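Working through the structure, step by step
Single-letter residue listing:
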Amino acid sequence: MKEKKHDCYLEEYQKLVGRTVVSVGKNASAGEPPIYGLHFTGGCYATIQADEEGNGPGFLDIYIATPLTKEEKECISTTGKLPTPKS
């Protein structure tokens, strides 16, 4: 039987499950190419890069500003979404 390989891309992108894109942005430094990003609910953002090192095809680098709460984790595991924010 073949052993399953760990897929670090799936692990990284799993951080986005249940989140919603709320805005897109661009950060440009003088003389450098711009870095584009996606801002998600829950204090999460992702930068769109060429690869993990920024020099090859397709990698989404994800940052989470605040950890998910127990309620958020439970909601994601049962519904696949973050809970609706309380007003």
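Since this is a predicted model, take the numbers as computed values, not measurements.

1. What about the pairing of strand 2 (residues 35–40)?
Where strand 1 (residues 21–27) meets strand 2, six bridges bridge the pair, whose relative direction is antiparallel. Note on strand 2: the bridge partner recorded for Lys-26 is Tyr-36. Two elements, strand 2 and strand 3 (residues 44–49), share five bridges in a ladder whose sense is antiparallel. Bridge pairing links Tyr-36 to Ile-48 in strand 3. Remark: three residues form the turn of the hairpin made by strand 2 and strand 3, two consecutive strands paired antiparallel; Gly-42 in that turn has positive phi of roughly 75°.

2. Observations concerning the pattern of salt bridges
Pairing is possible between side chains that carry opposite charge, provided their charged atoms lie close to one another. One pass over the full model with this rule turns up one salt bridge. Lys-15 is the salt-bridge partner of Glu-12, the closest N and O atoms lying 2.9 Å from each other. Residue Lys-15 is classed as partly exposed on the basis of its relative accessible area of 32%.

Reading guide: rules and limits
- Residues numbered from 1 in each chain as written.
- Predicted model: local features only at pLDDT ≥ 70, side-chain atom pairs only at ≥ 80, totals over all residues.
- Heavy atoms only, no water.
- Pairing = 2+ DSSP bridges.
- Helix = DSSP H or I, 4+ residues; strand = E, 2+ residues; numbered from the N terminus.
- Salt bridge = Lys/Arg side-chain N within 4 Å of Asp/Glu carboxyl O.
- Buried < 20%, exposed > 50% of the residue type's maximum accessible area, 1.4 Å probe, protein only.

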